[in-house]
Amino acid sequence: MAYYLRVLLVGIYFGIVLIKSDVVRWQRIHDMFLLREPYMYLVIATGIVVAGLSMALIKRANARSVDGVPIVYEPKPYHKGVIIGGAIFGMGWAITGACPGPIYAQIGAGAWPAVFTFVGAMIGLYGYAALRPRLPH
Amino acid sequence: MPSLPYNTLESKYLMIDWLLGPWPWWFSGIMIGLTVPMLYWLAGKAFGISTSLQHIGAICTPNIGFDYLSDHDWRADSWNLMLVGGIVIGGLLGAHFLSSEPLPLLPASFYSLPGILRLLVGGIFVGFGARYAGGCTSGHSITGISNLNVPSMIATAFFFVGGMLVTWGLGSWLLPG
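Structure report, in brief. (Residues numbered from 1 in each chain as written. Chains lettered and ligands numbered in written order. Predicted model: local features only at pLDDT ≥ 70, side-chain atom pairs only at ≥ 80, totals over all residues. Heavy atoms only, no water.)

Some thoughts on the overall build of chain A
Reasoning step 1: Counting its secondary structure elements, chain A contains six helices and zero strands.
Reasoning step 2: Secondary structure elements of chain A, listed N to C terminal, follow the sequence α-α-α-α-α-α.
Reasoning step 3: Seen through its C-alpha atoms, chain A measures out along the principal axes to roughly 40 × 40 × 35 Å.
Reasoning step 4: Taking contacts inside chain A between residues at least 6 apart in sequence as the whole, the part at least 24 apart equals 41%.
Reasoning step 5: As presented, chain A carries roughly 5800 Å² of accessible surface, and 69% of it is formed by carbon and sulfur atoms. (Helix = DSSP H or I, 4+ residues; strand = E, 2+ residues; numbered from the N terminus. Contact = heavy atoms within 4.5 Å. Areas by Shrake-Rupley, 256 points an atom, 1.4 Å probe, with all protein chains shown as cover.)

Re the overall build of chain B
Reasoning step 1: Scanning chain B from terminus to terminus reveals eight helices and zero strands.
Reasoning step 2: For chain B, the N- to C-terminal ordering of α and β elements is α-α-α-α-α-α-α-α.
Reasoning step 3: Taken over C-alpha atoms, the radius of gyration comes to 21 Å for chain B, far larger than the 16 Å a tight globule of 177 residues would show.
Reasoning step 4: Overall size of chain B, expressed as C-alpha extent along the three principal axes, is 75 × 45 × 35 Å.
Reasoning step 5: Considering chain B as a whole, with its 177 residues, one finds that 47% of them fall into the buried category.
Reasoning step 6: Residue pairs in contact within chain B that sit at least 24 positions apart in sequence constitute 52% of those at least 6 positions apart.
Reasoning step 7: Of the charged side chains in chain B, 5 are positive and 7 negative; the average position of the first set lies 3 Å away from that of the second. (Rg over C-alpha atoms; globule rule 2.2 N^0.38 Å. Buried < 20%, exposed > 50% of the residue type's maximum accessible area, 1.4 Å probe, protein only. Lys, Arg positive; Asp, Glu negative; His and termini not counted. Charge placed at Lys NZ, Arg CZ, Asp CG, Glu CD.)

Side note on the pattern of salt bridges
Residue and element names in this part refer to chain A.
Reasoning step 1: The full count for this structure, using the stated rule, is five salt bridges over all chains.
Reasoning step 2: In this structure, the salt-bridge partner of Asp 22 is Arg 25, at a minimum N-O distance of 2.9 Å.
Reasoning step 3: The class of Asp 22 is buried, set by a relative accessible area of 10%.
Reasoning step 4: Residue classification places Arg 25 among the buried positions, given a relative accessible area of 15%.
Reasoning step 5: Between Arg 28 and Asp 22 there is a salt bridge, with the nearest N and O atoms lying 2.8 Å from each other. (Salt bridge = Lys/Arg side-chain N within 4 Å of Asp/Glu carboxyl O.)

Examining the interface of chain A and chain B
Reasoning step 1: Each partner contributes residues to the interface: chain A has 104 residues there, and chain B has 111 residues.
Reasoning step 2: Summing both sides of the interface, chain A and chain B together bury roughly 9600 Å²; the carbon and sulfur share of this comes to 79%.
Reasoning step 3: By the criterion of area lost to chain B, the three top residues of chain A are Lys20(A), Lys76(A) and Tyr104(A), representing 8% of everything that side buries.
Reasoning step 4: Where chain A meets chain B, there are zero salt bridges.
Reasoning step 5: Our count for the contact surface shared by chain A and chain B stands at 25 residue pairs in polar contact (both at pLDDT 80 or more).
Reasoning step 6: When contributions to the side of chain A that touches chain B are tallied by element, the ones reaching two or more residues are α1 (2–20), α2 (26–33), α3 (39–60), α4 (80–96), α5 (100–109) and α6 (114–131) of chain A.
Reasoning step 7: No other element matches α6(A), which puts 17 residues into the side of chain A that touches chain B.
Reasoning step 8: Looking at the side of chain A that touches chain B, its residues break down into 71 nonpolar, 24 polar and nine charged. (Buried area = accessible area lost by both parts, 1.4 Å probe. Polar contact = N/O pair within 3.5 Å; in protein donor to acceptor, adjacent residues only side chain to side chain. Nonpolar A, V, L, I, M, F, W, Y, C, P; charged D, E, K, R; others polar.)

See below:
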């Protein structure tokens, strides 16, 4: 129970951060892909550097979670979907101004059309589940 | 009397004002990056969001006949649903209580039938593409690249290939009229 509460708190933290950092606003995503402003690139790069430094420290210290579980990153594998799916995902990101995290934050913020982005994402999930055996991996 | 209490109080309010205003890029980046070690430390889990779609699909339609959903043990990953539930709550708090000047997240033109249809189609691309690629901006771009995972770097490069193709190719058509 305490475990789920901790995850919930991280989610609330991240939801607030998504709104306050302005990375869930359609115009920001549009301006990013248009190369109109460096804001999104600077935010993403800083996020990667901070997360990367944290991971380096965690690995060096062989850190464990508060429950005593060793912290180990399991690498995501390469397959053709990384390229094809990646490009398709990028198209959706540009159209909706939202990747999965922002969809949830937009809905919470009361931007109700984002509910349709979520419904679309679920349709996309079912499409992938249905086509998966026939897609190149 | 030293004037310390007054100054401390004033600076405290300045800090709150600063936090309630729009965040600069470096502060936004730091706060986003810290989510990765925070989730590892508090829950022992790798930060990622798009798998939540798979969990929701597996819960809603366990007998649909697609192995991707029927063979998926969502109970083992139920923490992920708490995470996205928290993001919804955080979105509400951030937009309505923690922003001095909230900005509309979606352009006004999305609040229309053509706008909704575009979000629906774009959403299909987001859901399909993220699951086919094995992750989205959180799992690949933030968590994957910060762990120097090469497939995540390739995925992120192609997120931008797809996004730029659509943005430059469709131009102003991207904004629903």
